[in-house]
Each structure stands twice: as structure tokens, then as C-alpha cells.
Amino acid sequence: MTTTDSASGVDFIREIVAEDIKTNKHGGKVVTRFPPEPNGYLHIGHAKSICLNFGIALENKGGVCHLRFDDTNPCKEEVEYIEAIKRDVQWLGFDWGKHLYYTSDYFEKLYEYAVQLIRLGKAYVCSLSADEIRGYRGTLTQPGKESPYRTRSIEENIELFKRMRAGEFADGTHVLRAKIDMASPNLNMRDPAIYRIRRTKHHRTGDTWCIYPMYDFAHCLSDSIEGITHSICTTEFENHRPLYDWILDTLGVECHPQQIEFARLNLSFTIMSKRKLLELVEEKKVNGWDDPRMPTISGMRRRGYTPEAIRNFCERIGVAKRESMVDIALLEHFVREDLNKRTLRVMAVLHPIKVVIDNYPEGEVEELECVNNPEDANMGTRKVPFSRVLYIEQDDFREEPPKKFFRLAPGREVRLRYAYFITCVNVIKDEVTGEIKELHCTYDPETRGGSAPDGRKVKSTIHWVSAEHSIEAEVRLYDHLFTKADPCDEKDETDFKKFLNPNSLEIVTSSRVEPCLAHAAPGSRYQFERLGYFCVDTRDTGNKKLVFNRTASLRDTWAKVQKAEGT
RNA sequence: UGGGGAAUAGUGUAACGGUAGCACAAGUGACUCUGGAUCACUUUGUCGGGGUUCGAAUCCCUGUUCCCCAGCCA
């Protein structure tokens, strides 16, 4: 695990933690938690939080990080999400050990805390409707009005709250509210609701409860119950901290964790809102939560990302409070960096064009030795069959080569990687359409393996496969999900879908890959030489079908040249 | 015209009164049997205006801009 505190300073949260350890604030303990709501899949923004929370626990002796499902709203939560979240955290490389918790496990305790709050005269049952409560709340600039139910006696409140629990009231008829200050400039302190009635089956507690605690009430107390020392969350909860502290102080609990806020991750050309991601899934704009175009952990895993790459990314982006938008190129950099070191190189031709080597003996096949990974000699070599009829990439041939195009062209000699120098001698076209059907070339037998005894050089090396021996595969090329760096930067909340990239998925159906890929394991990763990093799709690869997902393309200087020349 | 936060190269993030650094991106060159990788070099920055100080990204004053909050969501 890479948790090296690189050259310069640590982030402000780690600074606080270090200081607290030094001053023995929590008896020297460090207990953090990652508290997802099981209402969707985890995304790269969650990965940042996971790396932070588990990372801090790992870096400090005796540190622990809990995984706690914040399941206080049964309307939105499902078991499927719980399983997915656990899988994703584990896959990222983190271990909560025995510290797996659910807020719903604390429902009884939380109920008792609520009763205690009532006894203290600090909570009351309010029978205003939701609309009325909103009206009484006031506005950002005007104070709210006190609810007429605010003065109910403690006894009456306890009785009513009991009856709420007993299911005597319909949804929405009553709510338990903290009695704080309707004139507070912080709207969260204007007698926030802390329990509501919801006759919804809970995915874990079933029909046991018909009242459920609100986040503000449940979260701080769950932290306290678990002995959390540092409760790290995102900046939108900063306004909630006074309430977090008020509840714990008012109840006088022994453990009062410190809430610390950091800025959530924004990544260019994608979105990070669980709600919006759900929308894409439900409206079939993508093929599920694990669609390789999604910024979800499961999507990235299916796309071929490695946990190491994601962790390195999370470490590099840092932790701070300012709102920011990280360039998705940085994420892509870290996958390439990791995959470059670890993947087997193979040859695959995405858009094949037939090449006949005129002077190569018909029927002959030779096995040529290819390096598996030039970055790592330990990965060895493999044999790849070569024969008279080959496929090369359409892009690697130009009948009329532009300037700076180094690849194959009529009369030009190039190297077939690990094979021979070939020279294009003829171009066969369809008489009607003019489409290039096949290329005829000659090879130089002296250049076997890829180098010329006479020392002559070629400008380019291209990849190839033997027509007869190669196998067919489907290759899925992905591009950014959105065409706009910040798709949510619009007045209208629904506008983000206008910027969905229509070309985010390109399916190439008749690619030809090296025979060694015939039994490639689902999920295994490769570099297709000169093209990019690809992995075998775990969902759609079957007996008859081989499907590859492009994780990331290789850096392409030629594409840059073309772009610069405007061709 | 309430309250809470935040402003450092194109992007992200350090520097905690003492040389503004790192990564990505961009550019140049070297090398190369991947136009990959690698290596070297380069461009670009402290939100504005005042002040304190020998010295300010850092401290003070002031202005500006951006983000969050009026769910019985989290």
C-alpha cells in the first residue's frame, strides 16, 4: 500500500490528527469511519474519502477505521447497494476488520437518546405539516416562528413520541424536533426534525420501526457510540457542525468526536452526484452502475482500472477545503503509470486491413519471439505466429502519406514488430468503391526478428497479426461520459444530460487479436501495443465472445501532430 | 440586505514571517524495434487595494469573487 507521505507537508486533517495524538486528546487513539448511505454505488469521490479515512487509521499506530452504513432512510436504501459498497471498499484494498456497523443497529439506543432529549426539555413532538414547518422556518434573512406545539409538556411529548413509535399515527402527521432556536442564523438550528414517521419496510429492520431518525440526530450519536475520534465529512456539512455538537453536548455523552470537513472531489468530464448517476442508470443512458464509462468504483474496475492507480490518484489530489475540479487527465495518468509496469504486451488490430507478403512462402508459419513487457524482463517472452497473410491497422497505411506520417505507404519500408521489414508494392482497391481491399508487400528475410544486418533503419514499427491464426474480438472504446468539463454548470438541474457524450462508447466488432488471448481470463489486463490498455470484460465475455474494454489509450503523439496540422 | 466556508501557474496541491516547490497538463530536445515508456530542459502563479515588518502567500484592515444552507434526504 502506498501511504508514503511524499516530500512536502501533510494535509490539514492529518495535521489535526497528529496534533491530537501529541496532546493525547482522545487518549492517543485514532478512530475514523467511512459512513456511506446504501442508496447507490460508490464513486471515485467516495474513494477519496475511503483513502482518507482508512489511510489515516493505517498511518497511526492502533488506528481503526469503521465501515458504517448510514441507513436511516429506508425509502432509498437497498441491500444490493450494501453488498456493492462492501465489495468496492475491499477491492480498493481496505479492511474494516470486525468494524462493520449499521446505524440501524443503534435504532433502539437512538430512540432512548431521543426520549432523554425530551426529558431534558430539549425536544418536542411537532404536529405541524411539512409545509407548515417550512413556513415557520423563516428565510435566510428572516428568523423563523416558533411552532405552536413547542410548549407541549414533557409528559405529553413522551406519550406522543411513544405513540409515534407504536404506529398510531400516519406518515407526516407528527415529527420529533430538537428545541433549539427558531431565530438562529443557521437554519439547521431552527428546531430541526430529528425523527419522522415512515411506514416503509427497512432493508435490515423490516417492520420493526415506523419512525426513523434523521441524519443529524443519528450520525453524531452513532459516531459517539462507536468511539469515533475524528468524524471526517464534506464541506456541505459544515453548517451542520453546530447541531452535531449541540446534540452531543446536550445529551452529555462521554465521547464527543470532532467533525472535520474537506472539499468533495469534482472530476472534469463526469459527474459525482449519486442522484444524477442513478438517473443515468434508471434512464438507461448507461448500461448500469458498472458501465465502464461511469465514475463508479465498479465501473472503473470493469473498465480495467487498478486499485493502486485509484489510490495513487487519491493521494496525489490531496485534501483541502477549497472547491476544485480535478482534471480527469490526472486520473488517466495514474492508470497508465500503473498499467505500463504490470501489463503484458500483445498485438491486436482493431480495424484490420489485409496484407499479403508476396515473397513469403505459401503455407509456411513461423513462431516469432516477442517481449512480454519491455519494462520488466521477468515477464519473459512469448511466441507469435507469422505467415504470408496478415492484418495491420488501417490507420497504419496511407496511400498518400501526409508530412510526418512515418508508417506504411506505397514503396515505403516499415518494420513489423518483432518480425520483418516489409515494403508496400501494390494496393488493391475495389473497382467500384475505390476502397482499399488489400495491400501487397515484400519482406526482407534478412530482417527476421526486426533488425537489418546491413544496419538500415526504418522510420516506423507497426503491429500486426497473422490472418489465419488471429482470433476475432469485440473491442469497446470509451471516451469521456460528458462533452463538457463541468456538465452541472447550468441553471437547470436537468441540463447535465444535454452534455452526455454521444461518442462515449464505440464498439468495434471485428478486431483481430493474437492467438494467446483465446483463453484470456475475464478481468485480465493487457497493453495492445501502440493502442492502449485493455481488459477482458467480465460481464459480456463468454464461450463464443471475447470482449475487451479500453481502459486508457496510450499517449499518442501522432494524433497530436494531426490535430496541430488540422488534418 | 442572515449565517457558514474558500481564494497560490491551465488543473490540483505544498510552503505555518525568511529562496514560491511538487504532480498533471503544455512545449523543446535526447533516446527508442510501441509516434509507447524513459531522461533532460522550458513556459506559466500568491484575487484587488492599503498597512505592519529588515523581510508577507503567510499577520492586520478593506474590497472583490466563488461555494454551501430555507428536505419529515444524507
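Residues numbered from 1 in each chain as written. Chains lettered and ligands numbered in written order. Predicted model: local features only at pLDDT ≥ 70, side-chain atom pairs only at ≥ 80, totals over all residues. Heavy atoms only, no water.

> How should the protein's contact with RNA strand B be read in this particular structure?
The full set close to RNA strand B counts 70 residues, and R198, R322, R345, R415 and G449 are the nearest of them. Among atoms of RNA strand B positioned within 4 Å of the protein, sugar and phosphate together represent 65%. Here N340 contributes a side-chain N or O atom positioned 3.2 Å from a sugar or linking oxygen of RNA strand B. For RNA strand B, a sugar or linking oxygen lies 2.5 Å from a polar atom in the side chain of R415. Among the secondary structure elements, those contributing two or more residues to the surface near RNA strand B are helix 5 (130-136), strand 6 (193-197), helix 11 (307-317), helix 12 (328-342) and helix 13 (557-565). (Near = heavy atom within 4 Å. Polar contact = N/O pair within 3.5 Å; in protein donor to acceptor, adjacent residues only side chain to side chain. Helix = DSSP H or I, 4+ residues; strand = E, 2+ residues; numbered from the N terminus.)

> Mind showing me how you'd approach the sheet that holds strand 7 (residues 211-213) here?
Strand pairs in the sheet, formed through backbone hydrogen bonds, run parallel or antiparallel to each other. Here we have four strands laid out as an open sheet, ordered 4-5-6-7, and antiparallel in their pairing. The open sheet is flanked by strand 4 (123-126) and strand 7, the only strands paired with a single partner. Adjacent strand axes in the sheet meet at a mean angle of 20° when their direction is disregarded. Pairing between strand 4 and strand 5 (residues 175-178): four bridges, direction antiparallel. Residue A123 lies in a different strand from strand 5, and its bridge partner there is A178. Seen against the sheet, helix 4 (residues 107-119) touches strand 4, strand 5, strand 6 and strand 7 and runs at an angle of roughly 120° to strand 6. Most of the contacts of helix 6 (residues 154-166) go to strand 4, to which it runs at about 60°, and overall it touches strand 4, strand 5, strand 6 and strand 7. (Pairing = 2+ DSSP bridges. Axes fitted to C-alpha atoms, helices over the stretch in contact; angles between N-to-C directions. Contact = heavy atoms within 4.5 Å.)

> Would you mind going over the confidence of the model for chain A with me for this structure?
Low-pLDDT portions of the prediction should not be read for the details of their coordinates. On average, residues of chain A score 96 in pLDDT, and 98% of them reach the 70 mark or higher. This model gives residues 1-7 a pLDDT under 50, and the stretch forms eleven contacts once residues within four places in sequence are excluded. Scored by ipTM, the complex comes to 0.97, with pTM at 0.97. (pLDDT = per-residue confidence, 0-100.)

> Would you mind going over the packing of helix 2 (residues 44-59) against helix 11 with me for this structure?
Each pair of packed helices can be described by the angle between their axes along with the distance between the axes. Their axes nearest at 9 Å, the elements helix 2 and helix 11 cross at an angle of 75°. Considered as vectors, helix 2 and helix 11 are oriented roughly perpendicular to each other. Residues I44, A47, K48 and C51 of helix 2 pack against I310, R311, F313, C314 and I317 of helix 11. When the residues that make up the contact of helix 2 with helix 11 are grouped by side-chain class, the tally is seven nonpolar, no polar and two charged. (Parallel < 35°, antiparallel > 145°, perpendicular 65-115°, else oblique. Nonpolar A, V, L, I, M, F, W, Y, C, P; charged D, E, K, R; others polar.)

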